[in-house]
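Now for the letters of each chain:
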Amino acid sequence: AQTVTQSQPEMSVQEAETVTLSCTYDTSESDYYLFWYKQPPSRQMILVIRQEAYKQQNATENRFSVNFQKAAKSFSLKISDSQLGDAAMYFCAYRSAGGTSYGKLTFGQGTILTVHP
Amino acid sequence: DTGVSQDPRHKITKRGQNVTFRCDPISEHNRLYWYRQTLGQGPEFLTYFQNEAQLEKSRLLSDRFSAERPKGSFSTLEIQRTEQGDSAMYLCASSFSNYNEQFFGPGTRLTVL
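In every chain, residue numbers begin from 1 and rise along the written sequence. Here the convention is simple: chains get letters from A, ligands get numbers from 1, in the order in which they are written. Selection of residues for local features in this predicted model requires a pLDDT of at least 70, selection of side-chain atom pairs for listing and counting requires 80 or more, and totals for whole chains, interfaces and linings are taken over all residues. The side-chain numbers reported here are obtained from all heavy atoms of the structure, hydrogens and water having been left aside.

**Points about the pattern of salt bridges**
- Any carboxyl oxygen of Asp or Glu that lies within 4 Å of a side-chain nitrogen of Lys or Arg is treated as forming a salt bridge with it. As enumerated under the stated definition, the model contains 8 salt bridges over all chains in all.
- Residue B:Glu56 pairs with A:Lys104 through a salt bridge whose shortest N-O separation is 2.7 Å. With B:Glu56 in strand S6 (residues 53-57) and A:Lys104 in the loop between strand S10 (88-96) and strand S11 (106-107), the pair connects residues from two separate chains.
- Only protein chains enter the area calculation, which uses a 1.4 Å probe; residues under 20% of their type maximum are buried, those over 50% are exposed, and those in between are partly exposed. The class of B:Glu56 is buried, set by a relative accessible area of 18%.
- Close ionic contact of B:Arg22 with B:Asp24 constitutes a salt bridge, the shortest N to O distance being 2.7 Å.
- On the basis of relative accessibility, which here comes to 25%, the residue B:Asp24 falls in the partly exposed class.
- Linked through salt bridges whose partners overlap, the residues forming this network are A:Arg50, A:Glu52 and A:Lys55. Helix and strand definitions follow DSSP, with helices as H or I runs of at least four residues and strands as E runs of at least two, each counted in order from the N terminus.

Pasting the structure below:
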């Protein structure tokens, strides 16, 4: 079974600064997807960024980028130019690319990000 | 609003009562997932539907839990004889395929007294 670990229960950053959220995972599979989801307080979860394991290039979405280290099974999220609206719980998630997985997501425990003005 | 919707948003019940939650996925999505999220934790997979077929159930889904998706549209999750340990946020998500993005609903927060 796959596991996802987020070792930082809470992180904080000053507005306009950069912050990195850590995630490690454990799997015996070679083909999979990794995601970062954002869950603002009392609001629904939204996808921030995704990474396909077969791609060596790190994914980037505007101010959000990842550092994907497949051999180390590490998948960190970097948020540049942090904004007050970035404050939320962030979840790292894993999804197998195998045909029997049905696309279910395995989530980490989450990291609460606070952005200070 | 064309997103995933869930009803009710909040449910308070007494131990031993039955509760039912509803999820309406995005209309063209034939994959539907239920997850459970306890306070301060990440969501945990409960079950999955492809159209009306329930193809996978987690070991977390005890015999007191049942889910349906008649006609492959909305889905219901019923919990019988609720226990305090069932208190959690129940999240529904839908996707167009196994490999497309899952869109989440706002969740139903269940409190069992």
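**A few points about the interface of chain B and chain A**
- Two residues qualify as a contact provided that any one of their heavy atoms is within 4.5 Å of a heavy atom in the partner residue. Listed by partner, the interface residues are 22 residues for chain B and 24 residues for chain A.
- Counting every contact that joins chain B to chain A gives 1 salt bridge.
- The term polar contact refers here to a pair of N or O atoms within 3.5 Å; inside protein, the definition further demands a hydrogen-donor-capable atom paired with an acceptor-capable atom, and it admits residues adjacent in sequence only when both atoms are side-chain atoms. One can count 5 residue pairs in polar contact (both at pLDDT 80 or more) joining chain B with chain A.
- Among the elements of the structure, strand S4 (31-37), strand S5 (44-50) and S6 of chain B are those that each provide at least two residues to the side of chain B that touches chain A.
- Among the elements that take part in the side of chain B that touches chain A, S4(B) stands out by supplying 3 residues, more than any other.
- Each residue receives one of three labels: charged for Asp, Glu, Lys and Arg, nonpolar for Ala, Val, Leu, Ile, Met, Phe, Trp, Tyr, Cys and Pro, and polar for the others, Gly being one of them. Among the residues forming the side of chain B that touches chain A, the class breakdown is 11 nonpolar, 8 polar and 3 charged.

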